[in-house]
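Letter by letter, the chains look like this.
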Amino acid sequence: MMQEHSRFQLEATKLARTVVFQVTVFSRGDAARPRLYAETQCSDPLHFLLQFVVRDAPDFQSLLQKFQGELAHRGFEPVRYRLREGMVWQDWLAVPALEPPPAQPTR
């Protein structure tokens, strides 16, 4: 069953324009192994619609890292984010540095 897990906003820049993404995170699975999903969209000067989808993240930090990777791939630079608790937005936090992917073994 899918249920709402949390909400957050992430501010990113591209081509000297700032975009604030409103993201709702959903949890799916059993209590022993929940998986997080998120989806959001925007437009920019070069594209009518950009859609970002993150699936199968084990926790919020992993979801945030995957979302950052998608933003970077599309030329956005993540700046800061904030979480929502109840009806109140928390303070803005700096986006953590994007972790490099694990190195592939060479043959």
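Everything quoted here is computed from the prediction, not taken from an experiment.

Section: empty space enclosed by the protein
All told, the structure shown has one cavity of 30 Å³ or more when counted by the stated rule. Along the walls of the largest cavity sit Val23, Ala38, Glu39, Thr40, Phe52, Val53, Val54, Leu63 and Phe67, which together make up its complete lining. Broken down by secondary-structure element, the contributors of at least two residues to the lining of the largest cavity are strand E3 (35-44), strand E4 (47-57) and helix H1 (60-73). Partitioned by chemical class, the residues of the lining of the largest cavity number seven nonpolar, one polar and one charged.

Details of the packing of aromatic side chains
All chains considered together, the criterion is met by eight aromatic pairs. Where phenylalanine 8 meets phenylalanine 67, the ring centres are 6.2 Å apart and the plane angle is 75°; that geometry is what we call edge-to-face. You can see phenylalanine 8 sitting in strand E1 (residues 2-14) and its partner phenylalanine 67 sitting in helix H1, a full 59 residues away along the chain. With relative accessibility at 0%, the residue phenylalanine 8 sits in the buried group. Ring plane angle 85° and centroid distance 5.9 Å describe the contact between phenylalanine 52 and phenylalanine 67, whose orientation is recorded as edge-to-face. Taken together, the positions of phenylalanine 52 in strand E4 and phenylalanine 67 in helix H1 put the pair 15 residues apart, joining distant regions of the chain. Looking at phenylalanine 52, the relative accessible area reads 2%, which means it is buried. Members of the aromatic cluster, joined through ring pairs, are Phe8, Phe21, Phe52, Phe60, Phe67, Phe76 and Tyr81.

Rules of the game
Residues numbered from 1 in each chain as written. Predicted model: local features only at pLDDT ≥ 70, side-chain atom pairs only at ≥ 80, totals over all residues. Heavy atoms only, no water. 1 Å grid on protein atoms, 1.4 Å probe; cavity = no way out; pocket = protein on both sides within 12 Å on 5 of 7 lines; lining within 4 Å. Points joined across faces, edges and corners; volume = space filled by probe spheres on them. Helix = DSSP H or I, 4+ residues; strand = E, 2+ residues; numbered from the N terminus. Nonpolar A, V, L, I, M, F, W, Y, C, P; charged D, E, K, R; others polar. Phe/Tyr/Trp six-rings, centres within 6.5 Å; stacked < 30°, edge-to-face > 60°. Buried < 20%, exposed > 50% of the residue type's maximum accessible area, 1.4 Å probe, protein only.

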